[in-house]
Amino acid sequence: MGIPLLATDVPRWLLTILPLAWTAVTAALIWQTFRWPQIQYRHASYRVDAQGIEIARGVVWRSIVHVPVSRVQHTDVSQGPLQRRYGLGTLTIYTAGTAYARVNLQGLSHASALAIRDHLLPRRSDDGV
Amino acid sequence: MVSERRLHPASFFFAMGGHAKQLLLPGILVLISARSGSGNWDTLAMVFIVPFAIAAAVRVLSYRYRFDDGELVVRTGFFFRNERHIPYGRIQNVDAVQNLLHRVLGVADVRIETGGASEREAMMRVVSLDAFRELRDHVFEGRSAIAADRPETAAQATGAAFVRAGAETILHLPIREVVLCGLIEGRGLVVLSGLFGVLWEAGLIDNILGTLFGEPTSGRGMFRAIVGQGMPSPARIAVTLVAFGTFLIVVRGFSAAWALVTLHGFTLARAGEDLRLEYGLLTRVTATIPMHRIQALTIQEGPLHRLCGRVSIRVDTAGGNGVDPAQAQRQRLAPLLRRGELERFLHAVLPDHDPEAIWNAVDRRGFRRKLTRSAIVVAFAGAALAWPLRAWTVPVFVLLFGWAIVHTRQWIRRLGWATTNTAVLFRSGWLWRHTTIAPLGKIQVVAIRESPFDRRLQMAGVIVDTAGAGGESHRVRIPYLSRDTADGLAATLAVHAARSTFKW
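So, how was this worked out
- Residues numbered from 1 in each chain as written.
- Chains lettered and ligands numbered in written order.
- Predicted model: local features only at pLDDT ≥ 70, side-chain atom pairs only at ≥ 80, totals over all residues.
- Buried ≥ 20, exposed ≤ 12 C-beta atoms within 10 Å, placed from the backbone.
- Helix = DSSP H or I, 4+ residues; strand = E, 2+ residues; numbered from the N terminus.
- Pairing = 2+ DSSP bridges.
- Axes fitted to C-alpha atoms, helices over the stretch in contact; angles between N-to-C directions.
- Contact = placed C-beta atoms within 7 Å.
- Domains from an automatic or database assignment.
- Nonpolar A, V, L, I, M, F, W, Y, C, P; charged D, E, K, R; others polar.
- Arc of directions from axis to C-beta.
- Parallel < 35°, antiparallel > 145°, perpendicular 65-115°, else oblique.
- Left-handed = near helix turned anticlockwise from the far one by under 90°.

## Some remarks on helix α7 (residues 175-185) of chain B
Link 1 in the chain: For α7 of chain B, the full list of buried residues reads E177, V178, L180, C181, G182, I184 and E185 of chain B.
Link 2 in the chain: Following α7 of chain B by one or two positions, G186 of chain B has its phi on the positive side, about 65 degrees.

This is the structure in structure tokens:
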């Protein structure tokens, strides 16, 4: 018989495991798409004060990043098409640092992103290099 | 009208030299056609080389600069004219590089850098040494009154004349120290592999192997003999060890030679607020680092350093616009320094630095966490080696585990951090030790990191980000702190950073 049949070539145990694995992966993907962002959202927060901005994020590996106002080089507020549809914006803060040369803050309303940007903009006049 | 300066007449050759890469292909074409005897090689030469020569001549002849009040004005271009005004106050670096040819002709390649631009503001290729000195004096006098009493020595093309004029020498390495530096650093492998590549290309390797082993295939045969036949005899092990030892010594020798060439006459001096470096036997480098541009300073100490009672010091500086990490520069401020002189040196380079820092250890639970990590690695290594080692597995495993405990204990003991009024300090490493000093005014971002393992034990790590930290920089990343300590430290540092204004 020259025609290799799937059912005869694949061992039986694999045939029972494969559908289970497929179901598990699909369930995980669905969970990742619908549930994971909610969890991420719950663990993401920020605080802006006169000193600077503090951004907390991460579910498993968590980090809190402080960027002092005096270290902000420049800022971006960007909006993708979907973000525009829902009135959201992403604030990107650039510093002169190395590992944290750019710090992102996503999921802000566009208005508050602009407000934070205005707050962080360097106001010092003695910008001597 | 202020008189304008021109480049040195030799500039034309260096400008042509700068085109060497573009000229390589046409040059080869010309050579080939000249060899093959087809008569039009001179036409080809005209077509390819003459335009470059004209371009170089135009560029050199049209390059003018003059010293106005408070600014340097550089005019370039013949058809498309460009006039650039560079205020003296904005100039960060005036560096000169001289290779052998430059030194024979008594000229230098001068680069002027400012803080704001990503490119070099002005490249003067090339000017005479007197012109360089004049340029530098103008720039520095324009910037501050540091040079009021600078005794301008007679024009000396050699030695550390640039650096020493009106400056206080902080460090000068005599030949002995330079050789020692090479021996300690062990860059010989780089030199050797370069040499090997050249020999290989020249086809000399086969000859050498042939004379050494009689036949070309014996190299492979020897390797097979050592590895393939189970446990080798003690004599063979001894021969291999001696050969390996000789190899290491030869490599160190090459490293010393390399240091002699690149670091010859290393001099670090301080003139006002600037540090000036000068070094190199063939290619002579003169660099200026404004002291306020030092972003972080790292003291390195390997086992050989400790044996000789020396340390080596590097600094991170942020060049150009600093936002692009590729602009980061690491400078060796002191390739080799006696341990006893460290305090004096630090005081000269970082005057604000407080030497009386009180070191804090990391949390005690750090030992167990680090050991768990090492144990996992050892377990995997042991499992992987179980088959080839057979009966030896258990002793080897015990040995590795013992080493892991010793190493972890010493590593955790050395790990520490400190804060002073002006800087945050971090040290790590046991055999190869690093201590980094980051001035508070240079802190960019402060972050707290918490892994799941940290969270279980209420711990966290603190990361202090500075500008100019390259890939191999020793960064301030303090692990294994209790959560409260981490929060407190991060808050303190963030407040300090927020209060100070950052200057490049």
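Moving on from the coordinates now.
## A look at the sheet that holds strand β20 (residues 459-466) of chain B
Link 1 in the chain: Here six strands make up an open sheet; going across it, the order is β1(A)-β2(A)-β3(A)-β19(B)-β20(B)-β21(B) and the pairing antiparallel. Sheet topology places β1 (45-48) of chain A together with β21 (476-482) of chain B at the edges, where each strand pairs with a single neighbour. Ignoring which end each strand starts from, the neighbouring axes of this sheet average 15 degrees apart.

## Observations regarding the sheet that holds strand β6 (residues 102-109) of chain A
Note: strands within a sheet are paired through backbone hydrogen bonds, in either parallel or antiparallel orientation.
All names here are of chain A.
Link 1 in the chain: Ordered in space as β4-β5-β6, the three strands form an open sheet in which the pairing is antiparallel. The open sheet has two free edges, formed respectively by β4 (72-78) and β6, since each of these has just one partner strand. On average, adjacent strands in this sheet sit at an angle of 20 degrees to one another, irrespective of strand direction.
Link 2 in the chain: Relative to strand β5 (residues 88-95), β4 is paired through six bridges, and the arrangement is antiparallel. By the bridge assignment, H74 is partnered in β5 with Y94.
Link 3 in the chain: Where helix α5 (residues 110-120) meets the sheet, it contacts β4, β5 and β6, and its direction lies at approximately 20 degrees from that of β5.

## Some remarks on the domain arrangement of chain A
All names here are of chain A.
Link 1 in the chain: When cut into domains, chain A gives domain 1 (12-43) and domain 2 (44-120).
Link 2 in the chain: Inter-centroid distance (C-alpha atoms) of domain 1 to domain 2 is 31 Å.
Link 3 in the chain: At the junction of the two partners, domain 1 supplies four residues and domain 2 supplies five residues.
Link 4 in the chain: Across the side of domain 1 that touches domain 2, the residue classes break down as two nonpolar, two polar and no charged.

## Describing the interface of chain B and chain A
Link 1 in the chain: At the junction of the two partners, chain B supplies 33 residues and chain A supplies 26 residues.
Link 2 in the chain: Elements with a contribution of two residues or more to the side of chain B that touches chain A: β19 (443-450), β20 and α17 (483-499) of chain B.
Link 3 in the chain: Sort the elements by how many residues they give to the side of chain B that touches chain A and β19 of chain B lands first, with seven residues.
Link 4 in the chain: Here the residues of the side of chain B that touches chain A sort into 19 nonpolar, nine polar and five charged.

## Structural notes on α5 of chain A
Residue and element names in this part refer to chain A.
Link 1 in the chain: Among the residues making up α5, those that are buried are A113, I116 and L120. For α5, the angular spread of the buried residues around the axis is 65 degrees, confining them to a single face. Turned more than 90 degrees from where α5 packs its buried face, A111 and D118 sit exposed.
Link 2 in the chain: In this structure, the buried side of α5 is in contact with β1, β2 (52-57), β4, β5 and β6.

## Brief notes about the domain arrangement of chain B
All names here are of chain B.
Link 1 in the chain: Entries for chain B in the domain assignment read domain 1 (5-91 + 134-144), domain 2 (182-262), domain 3 (267-362 + 415-499) and domain 4 (365-410).
Link 2 in the chain: The straight-line distance from the C-alpha centre of domain 3 to that of domain 4 is 32 Å.
Link 3 in the chain: With six residues of domain 3 at the contact, the number on the domain 4 side is five residues.

## So, the packing of helix α14 (residues 365-389) of chain B against helix α15 (residues 393-414) of chain B
Residues and elements named next belong to chain B.
Link 1 in the chain: Relative orientation of the contacting elements α14 and α15 amounts to 155 degrees, with a least axis distance of 9 Å. By the angle between their axes, α14 is roughly antiparallel relative to α15. In this structure, α14 crosses over α15, and the sense of that crossing is right-handed. Every residue of α15 that contacts α14 at G366, F367, K370, L371, S374, A375, V378, A381, G382, L385, A386 and L389 is listed here: T393, V396, F397, L400, F401, A404, I405, T408, R409, W411 and I412.

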